[in-house]
Amino acid sequence: MCSILKREVRNYIKKPLFWIGIAVVAFMIFQNVSPYLNIHYLAEGETIENDYPETYRDGDVFDGYVPMEEELRREAWEGQIQETLISEFQMSNMQAQSVINEMKEMDIMTACEYLEKYNFYGAYYVYVDTVYYKGTREEINSYITEKLENKTFSYYFSRKFADFAGLYMAFFATILLSVLFLQDTRKNNYELLHTKPVSGGSYLLGKVGGGFAVCLIILAILNLIFFGLCSILTENSGFEVRLADFLLATCFYILPNMLMIVSVYSFISLLFKSPLPAVPLLLLYMVYSNMGSRNAEGVYGYYGRPLAIMVRFPGTFFDTAPPPMALLNQSFLILAATAIIFISIQIWKRRRVY
């Protein structure tokens, strides 16, 4: 088993495309996480200029946005509703104010349903857009301090890293591992392998272990790259950066996905005697994993899917959180991958020539 594992790792790291792929993945991740490396405490007289609206559902701290308190948020929402009733529904100021007054004792969802009586649909989305607003220098600095009081900067950054690293690694692993069983499943090699004194468990665990080890090497390199970038580019801000945060995020949110991809390749390769049918299957699997859905309030977003091989972290930098049941799903992925590997071993044994 160990000899097969080592051989697969050597075969991959000797290929220039392996290193080119790492460079491309690192560049793509950097393109997405680089704005978060610009987060810093604003100096005296420093402001953040942009053309974005005063309130914005996707506003982030590097753009100068901070969360709005609930009472102020309700006031801002009512103000926008009143303006819309006047400008788009041709109400007078008195009529619009009367509608607002009638909603004062209602919660947001009830108020939104009440507005539908006036053919005003989508009021809840107006409320969602008021979650963040452009803050002053003092508000931005206070917000950063509050968020870093109990958590390190790398705790938040590593989650965004895991988000995009998991996304691009899924595609890279699908392409990279397509050749893992390619030589062995060719007719002459496949038949010859089944006459060798090697057990199905040793062979499959060696191949799967080799493919998984290759993913481990890539992720280790990416962790070191982005830990170094995060440490260097945030040094002047005095933020605390820990390598352990990157490693934990990678172990929890990326490695189970890599194991599942390798196990699917092993199963498909032995079932069809070719790994190529696994490529479109895994691409569809990634599309399924990355699909959004609607929550109980009808808001569209990413909430995770059962056995998904991607864990996305939507939301702003300091408010980002894994989807509900994400860690439980990752545990199920490991169990499912183990079961698939076991089934693959049984397929190998059934086709063995003694």
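Below you will find a few notes about this structure. (Residues numbered from 1 in each chain as written. Predicted model: local features only at pLDDT ≥ 70, side-chain atom pairs only at ≥ 80, totals over all residues. Heavy atoms only, no water.)

For the rest of this paragraph, the subject is the overall build of the protein. Per the secondary structure count, the protein includes 14 helices and four strands. A compact globule built from 354 residues would reach a C-alpha radius of gyration of about 20 Å, whereas the protein, at 26 Å, exceeds it by more than 25%. Taken along its principal axes, the extent of the C-alpha atoms in the protein is 90 × 50 × 30 Å. Classification of the 354 residues of the protein by burial places 48% in the buried group. When the accessible surface of the protein is totalled, it reaches about 18,100 Å², and 61% of it is carbon and sulfur. (Helix = DSSP H or I, 4+ residues; strand = E, 2+ residues; numbered from the N terminus. Rg over C-alpha atoms; globule rule 2.2 N^0.38 Å. Buried < 20%, exposed > 50% of the residue type's maximum accessible area, 1.4 Å probe, protein only. Areas by Shrake-Rupley, 256 points an atom, 1.4 Å probe, with all protein chains shown as cover.)

As enumerated under the stated definition, the model contains 25 aromatic pairs in all. Centroid distance Phe-153 to Phe-239: 4.8 Å. Interplanar angle 10°. Geometry classified as stacked. Of this pair, Phe-153 sits in helix α8 (residues 153-176) while Phe-239 sits in the loop between α10 (200-233) and α11 (243-253), and the two are 86 residues apart along the sequence. Residue Phe-153 shares its accessibility class with Phe-239, and that shared class is buried. A centroid spacing of 5.3 Å and a plane angle of 85° characterise the contact between Tyr-155 and Tyr-156, whose relative ring orientation is edge-to-face. The exposure class assigned to Tyr-156 is buried, which follows from its relative accessible area of 6%. The residue whose ring lies beneath Arg-73 is Tyr-127, and the NZ or CZ to ring-centre distance is 4.0 Å. Its end group placed over the ring of Tyr-155, Lys-151 keeps NZ or CZ at 4.6 Å from the ring centre. (Phe/Tyr/Trp six-rings, centres within 6.5 Å; stacked < 30°, edge-to-face > 60°. Lys NZ or Arg CZ within 6 Å of the ring centre and 35° of its normal.)

Glancing now at the side chain of Ser-263. By the secondary structure assignment, Ser-263 is in helix α12 (residues 255-272). Only 2.7 Å separates the side chain of Ser-263 from the backbone oxygen of Met-260, close enough to count as a polar contact. (Polar contact = N/O pair within 3.5 Å; in protein donor to acceptor, adjacent residues only side chain to side chain.)

Before going further, it helps to spend a moment on the packing of α11 against α12. Where α11 contacts α12, the two axes come as close as 4 Å, and the packing angle between them is 40°. Contact residues: Thr-250, Cys-251, Phe-252 and Tyr-253 in α11; Leu-255, Pro-256 and Asn-257 in α12. (Axes fitted to C-alpha atoms, helices over the stretch in contact; angles between N-to-C directions. Contact = heavy atoms within 4.5 Å.)

On to the nonpolar core, then. Of all hydrophobic cores here, the largest spans 84 residues; its most connected members are Ile-29 and Leu-222. Among the elements that line this core, the one with the most residues is α8, at 14 residues. Every residue in contact with Ile-29, bar those within four places of it in the chain, is listed here: Phe-161, Phe-164, Ala-165, Tyr-168, Leu-222 and Phe-226. Within the second largest apolar cluster, 19 residues are counted, among which are Ile-100, Ala-111, Tyr-127 and Val-128. (Core = buried A, V, L, I, M, F, W, Y, C linked by side-chain atoms within 4.5 Å.)

Our focus in this paragraph is unusual backbone geometry. Residues other than glycine seldom take positive phi values, yet Leu-307 does so here, at roughly 60°. The exposure class assigned to Leu-307 is partly exposed, which follows from its relative accessible area of 34%.

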